[in-house]
Amino acid sequence: MSERGLYAITDSALLTDGKLLPYVEAALIGGARWLQYRDKSGDADKRLAEASQLAELCRAHDCQLLINDDLALADQLGVGLHLGQEDGSLSEARQQLGPQALIGGTCHASLQLAERALIDGASYIAFGRFFNSMTKPGAPAATPALLREARQRFSVPIVAIGGITLDNASPLLDAGADYLAVINGLFGAPDAETVQQRARQFSQLIHAS
Ligand SMILES: Cc1ncc(COP(=O)(O)OP(=O)(O)O)c(N)n1
Ligand SMILES: Cc1ncsc1CCOP(=O)(O)O
Ligand SMILES: [Mg+2]
């Protein structure tokens, strides 16, 4: 598994009108290493159908798929999981998905939450938002200084999220982020070709740092 890279996250409100699969495929061709399926619709049949299609795409492109919020769906598909503070227990998820599963936890701007997440079995810790986010404007704000502290304290992969674009990402990489988790700065594009270009540029930026 790649230890640094672009972490593409889908958004059910952004990837409408048949964009989900072509935009995700473009991100994977552009080099995204992890993909999170983030769907807030509550439509279980749609979620299973879409996540299954994404699992196939990810297999074809050697990308790690994770499911947002939904342990049962992650378990059903045999893929990774991302849980926020309100999304259930990381330790139960670890127990259910097994020692090899990629499981991430939202830590907002808190090293204490990161410590807790790791005790509970998280494989990676996610901090943010770092910039204004159109997707989640109310998420607690974090700083590059926090990332630097986290980098010194923890050896697991560190994920940065929130308002990240090609223009503002460098300070997060300099501060020690391993993965850049991006929704709008990647998928908020006019076409799939632009998504592919952005994914390639993010990947190059990360590997040059
Ligand atoms: C990589 C990554 N980091 C943070 C989040 C946010 O999770 P959460 O706080 O549960 O918010 P929602 O995404 O569920 O709205 C994430 N999804 N991914
Ligand atoms: C889910 C989430 N958690 C903190 S910020 C955020 C949204 C990330 O999306 P964007 O890259 O569009 O700001
Ligand atoms: Mg959540």
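Predicted model, so just to flag it, every value in this text is computed and none were measured.

### Quick word on the packing of helix H1 (residues 20-29) against helix H2 (residues 44-60)
Part 1 of the reasoning: Orientation of H1 relative to H2, taken along the N-to-C sense of each, is 25 degrees, at an axis distance of 11 Å. The orientation of H1 relative to H2 falls into the category roughly parallel. In the crossing of H1 with H2, the sense of the turn from one axis to the other is right-handed. Counted together, Leu 20, Leu 21, Val 24, Glu 25 and Leu 28 of H1 and Glu 50, Gln 53, Leu 54, Leu 57 and Cys 58 of H2 form the full contact between these two elements.

### A word on unusual backbone geometry
Part 1 of the reasoning: Of note in the backbone geometry, Asp 62 takes a positive phi value of approximately 55 degrees without being a glycine.
Part 2 of the reasoning: Secondary-structure assignment places Asp 62 in the loop between H2 and strand E3 (64-68).
Part 3 of the reasoning: In this structure, His 108 is a non-glycine residue whose phi angle is positive, near 50 degrees.
Part 4 of the reasoning: With respect to the element layout, His 108 can be found in the loop between strand E5 (103-106) and helix H5 (111-119).

### Some words on the site of ligand 1
Part 1 of the reasoning: Inspection of the region around ligand 1 gives 15 residues, with Arg 38, Lys 40, Asp 87, Thr 106 and Lys 136 positioned closest.
Part 2 of the reasoning: In the environment of ligand 1, a nitrogen atom lies 3.0 Å from a nitrogen or oxygen atom belonging to the side chain of Gln 36.
Part 3 of the reasoning: For ligand 1, an oxygen atom lies 2.7 Å from a polar atom in the side chain of Lys 40.
Part 4 of the reasoning: In the complex, the protein chains occlude 91% of the 420 Å² of accessible area that ligand 1 would expose alone.
Part 5 of the reasoning: The site holding ligand 1 turns out to be the largest pocket.
Part 6 of the reasoning: Counting only elements with at least two residues in the shell around ligand 1, the list comes to strand E1 (5-9) and strand E7 (158-161).
Part 7 of the reasoning: Tallied by class, residues from the shell around ligand 1 come to five nonpolar, five polar and five charged.

### So, the UniProt feature "binding site: 4-amino-2-methyl-5-(diphosphooxymethyl)pyrimidine" (unreviewed entry) in the protein chain
Part 1 of the reasoning: Within this structure's numbering, the places UniProt gives as "binding site: 4-amino-2-methyl-5-(diphosphooxymethyl)pyrimidine" (unreviewed entry) are Gln 36, Tyr 37, Arg 38, Asp 39, Lys 40, Asn 68, Thr 106 and Lys 136. Cross-referencing the annotated residues with the lining of the largest pocket gives Gln 36, Arg 38, Lys 40, Asn 68, Thr 106 and Lys 136.
Part 2 of the reasoning: Position of Gln 36 among the secondary structure elements: in strand E2 (residues 34-37).
Part 3 of the reasoning: Relative to the elements of secondary structure, Asn 68 occurs in strand E3.
Part 4 of the reasoning: The class of Asn 68 is buried, set by a relative accessible area of 6%.

Definitions and limits used
- Residues numbered from 1 in each chain as written.
- Chains lettered and ligands numbered in written order.
- Predicted model: local features only at pLDDT ≥ 70, side-chain atom pairs only at ≥ 80, totals over all residues.
- Heavy atoms only, no water.
- Axes fitted to C-alpha atoms, helices over the stretch in contact; angles between N-to-C directions.
- Helix = DSSP H or I, 4+ residues; strand = E, 2+ residues; numbered from the N terminus.
- Parallel < 35°, antiparallel > 145°, perpendicular 65-115°, else oblique.
- Left-handed = near helix turned anticlockwise from the far one by under 90°.
- Contact = heavy atoms within 4.5 Å.
- Near = heavy atom within 4 Å.
- Polar contact = N/O pair within 3.5 Å; in protein donor to acceptor, adjacent residues only side chain to side chain.
- Areas by Shrake-Rupley, 256 points an atom, 1.4 Å probe, with all protein chains shown as cover.
- 1 Å grid on protein atoms, 1.4 Å probe; cavity = no way out; pocket = protein on both sides within 12 Å on 5 of 7 lines; lining within 4 Å.
- Sits in = over half its atoms within 2 Å of the grid points.
- Nonpolar A, V, L, I, M, F, W, Y, C, P; charged D, E, K, R; others polar.
- UniProt positions renumbered as here; feature names shortened; annotations may be inferred.
- Buried < 20%, exposed > 50% of the residue type's maximum accessible area, 1.4 Å probe, protein only.

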